Amino acid sequence: MTGKTHIMGGIAATTAYAYYSNYDPTALIISGVIGSIIPDICHGGSKIGRRFPILSNIINAIFGHRTITHSLIFLVLIGYILTLITDNQSIIMGVLVGMASHLVLDACTKNGIKLLYPASVTVRLPITTRTGGAVENIVLIALTIVTIYFGKEFIL
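Let us look at the structure shown here. Owing to the predicted nature of the structure, the values given are computational and were not obtained by experimental measurement.

A few words now on the layout of surface pockets. Approximately 190 Å³ is the volume found for the largest pocket. Every residue lining the largest pocket is counted, 15 residues in all, and those nearest its centre are Met1, Gly3, Asp40, His43 and Ser46. Here the lining of the largest pocket takes three residues from helix H3 (residues 47-51), the largest share from any one element. Its residues assigned to classes, the lining of the largest pocket shows three nonpolar, seven polar and five charged.

Moving on, we get to the packing of helix H5 (residues 72-85) against helix H6 (residues 89-107). Here H5 crosses H6 at 165°, and the two axes come no closer than 10 Å. In terms of orientation, H5 and H6 fall into the roughly antiparallel class. By crossing handedness, the relation of H5 to H6 is classed as right-handed. Here H5 contributes Phe74, Leu75, Ile78, Gly79, Leu82 and Thr83 to the contact with H6, which in turn contributes Ile92, Val95, Leu96, Met99 and Ala100. Within the contact of H5 with H6, the residues separate by chemical class into nine nonpolar, two polar and no charged.

Time to look at the nonpolar core. If you look at the biggest cluster of nonpolar residues, it comprises 14 residues, and the most contacted ones within it are Ile38, Ile48, Phe74, Ile78, Leu82, Val95 and Met99. Counting only elements with at least two residues in this core, the list comes to H5 and H6. Excluding residues that lie within four positions of it along the chain, Leu82 makes contacts with Ile92 and Val95. Core analysis: the second largest hydrophobic core is formed by seven residues, Met1, Met8, Ala12 and Leu140 among them.

Okay, helix H1 (residues 3-20) next. Helix length check: H1 (18 residues) gives 26 Å between terminal C-alpha atoms against 26 Å at 1.5 Å per residue, within 8%. Those residues of H1 that are buried are in contact with helix H2 (25-37), H6 and helix H7 (134-155).

Reading guide: rules and limits
- Residues numbered from 1 in each chain as written.
- Predicted model: local features only at pLDDT ≥ 70, side-chain atom pairs only at ≥ 80, totals over all residues.
- Heavy atoms only, no water.
- 1 Å grid on protein atoms, 1.4 Å probe; cavity = no way out; pocket = protein on both sides within 12 Å on 5 of 7 lines; lining within 4 Å.
- Points joined across faces, edges and corners; volume = space filled by probe spheres on them.
- Helix = DSSP H or I, 4+ residues; strand = E, 2+ residues; numbered from the N terminus.
- Nonpolar A, V, L, I, M, F, W, Y, C, P; charged D, E, K, R; others polar.
- Axes fitted to C-alpha atoms, helices over the stretch in contact; angles between N-to-C directions.
- Parallel < 35°, antiparallel > 145°, perpendicular 65-115°, else oblique.
- Left-handed = near helix turned anticlockwise from the far one by under 90°.
- Contact = heavy atoms within 4.5 Å.
- Core = buried A, V, L, I, M, F, W, Y, C linked by side-chain atoms within 4.5 Å.
- Buried < 20%, exposed > 50% of the residue type's maximum accessible area, 1.4 Å probe, protein only.
- Expected span 1.5 Å × (residues − 1).

This is the structure in structure tokens:
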């Protein structure tokens, strides 16, 4: 999936999560956007990879693309690091939900993800698409509709 779809996925997931939880919706959604792009730090051409090129190149050289940064281990590691940095649960949960949305979206691509890294098993959902294709645009529209549906309560 492309950066814009990941960002919209993070917004949709955290907006829906905020709807059902007592977390601060603003902190949750903003941190969800950040979390939604973190896994692509392993790809130099991604939004976050272009922002932190040295870190991105190091991670890619060691692990490759869609391996450790697209795994449950990385999700747990980021969660742990966040608890050392802040005690704001809205921020922690927002980043984690945003990251989880990224993993789900990339599991919908033909290449899949190494969710159980370091195991070499590739995880893909039963329905997959090509990154940047017409189906991704439909997914982007659907995520926007989800955001509007759950977000209307926070706007009104």
